[in-house]
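The chain contents come next:
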Amino acid sequence: MGRFRRDMYEEYAKQHSGEYTNDESYNAAYQKVKKIKGFYSHLKVYVIVNMIIIVSSLSRNHLGSGIDFSGLSEWHTYSTAFFWGIGLVAHGLSVFASEWFFNSDWEQKKIQKYMDKDAANKNKWE
């Protein structure tokens, strides 16, 4: 974290009587909440835009003559939702699944494994 942002947090914490801390766990939690909020904003825009696309396909060529459901069976109606959905799933995995695969226990185990391996190699030649 940059010095400017850290100073900003400290100043804000002083003004708000210890409501926020300069603790690293708070900063990690803040970043996690920010990522989750970004994902939900992405999801909200995805739903709204794709609803507009699907509704607009109902009356694409027949502006004054009522609703035409033939647009619902065309690929271009759902192609945006499909390809954007792939990106949305990737975004969701980056936010929520990163803890499943690379949590702190995994990091500690890998560090210990490499330290043990390095120690075994040093003792091998002595």
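Report on the accompanying structure.

What counts, and at which threshold
- Residues numbered from 1 in each chain as written.
- Predicted model: local features only at pLDDT ≥ 70, side-chain atom pairs only at ≥ 80, totals over all residues.
- Heavy atoms only, no water.
- Helix = DSSP H or I, 4+ residues; strand = E, 2+ residues; numbered from the N terminus.
- Buried < 20%, exposed > 50% of the residue type's maximum accessible area, 1.4 Å probe, protein only.
- Contact = heavy atoms within 4.5 Å.
- Areas by Shrake-Rupley, 256 points an atom, 1.4 Å probe, with all protein chains shown as cover.
- Patch = residues over 30% accessible without salt bridge, like charges linked within 9 Å, V, L, I, M, F, W, Y side chains within 5 Å.
- Salt bridge = Lys/Arg side-chain N within 4 Å of Asp/Glu carboxyl O.
- Phe/Tyr/Trp six-rings, centres within 6.5 Å; stacked < 30°, edge-to-face > 60°.
- Lys NZ or Arg CZ within 6 Å of the ring centre and 35° of its normal.
- Core = buried A, V, L, I, M, F, W, Y, C linked by side-chain atoms within 4.5 Å.
- Polar contact = N/O pair within 3.5 Å; in protein donor to acceptor, adjacent residues only side chain to side chain.
- Expected span 1.5 Å × (residues − 1).

1. Regarding the overall build of the protein
(1) Moving on: Looking only at helices and strands, one finds four helices and zero strands in the protein.
(2) Moving on: Listing every helix and strand of the protein by position from the N terminus yields α-α-α-α.
(3) Moving on: Here the protein, with 126 residues, has 13% of them falling under the buried criterion.
(4) Moving on: Sequence separation of 24 or more characterises 54% of the internal contacts of the protein that already satisfy a separation of 6 or more.
(5) Moving on: Summing over all exposed atoms, the protein offers an accessible surface of approximately 10,200 Å²; the carbon and sulfur share of this is 63%.

2. Comments concerning a nonpolar patch on the surface
(1) Moving on: Taken together, Tyr 40, Leu 43, Val 47 and Met 51 make up a surface patch of nonpolar side chains, about 370 Å² in accessible area.
(2) Moving on: Inspection of the secondary structure puts Met 51 in helix H2 (residues 24-58).
(3) Moving on: Looking at Met 51, the relative accessible area reads 52%, which means it is exposed.

3. With respect to the packing of aromatic side chains
(1) Moving on: Inspection of every chain in the model, using the stated rule, returns six aromatic pairs.
(2) Moving on: A ring pair is formed by Tyr 40 and Phe 96, whose centres lie 6.3 Å apart and whose planes are at 55 degrees; its orientation type is tilted. On the criterion of sequence distance, the pair formed by Tyr 40 in helix H2 and Phe 96 in helix H3 (residues 75-101) is long-range, its members being 56 residues apart.
(3) Moving on: When its relative accessible area of 47% is taken as the criterion, Tyr 40 is described as partly exposed.
(4) Moving on: Three or more aromatic residues joined by ring pairs make a cluster, and in this case those are Phe 39, Tyr 40 and Phe 96.
(5) Moving on: Just above the ring of Tyr 114 sits the side chain of Lys 113; from NZ or CZ to the centre is 5.9 Å.

4. A word on the nonpolar core
(1) Moving on: Counting five residues, the largest nonpolar core is built from Phe 39, Tyr 46, Ala 81, Leu 88 and Val 95.
(2) Moving on: For this core, the secondary-structure elements that each account for two or more residues are H2 and H3.
(3) Moving on: Ranked by the residues each element gives to this core, the list is headed by H3, at three residues.

5. Observations regarding the side chain of Ser 57
(1) Moving on: Inspection of the secondary structure assignment puts Ser 57 in helix H2.
(2) Moving on: On the basis of relative accessible area, Ser 57 is assigned to the buried category, the value being 2%.
(3) Moving on: Engagement of the side chain of Ser 57 in a polar contact is seen with the backbone oxygen of Ile 54, the distance being 2.6 Å.

6. Considering H2
(1) Moving on: Compared with the 51 Å implied by 1.5 Å per residue over 35 residues, the 52 Å span of H2 between its first and last C-alpha is a close match.
(2) Moving on: Every buried residue of H2 is accounted for by Asn 27, Phe 39, Tyr 46, Asn 50, Ser 57 and Leu 58.

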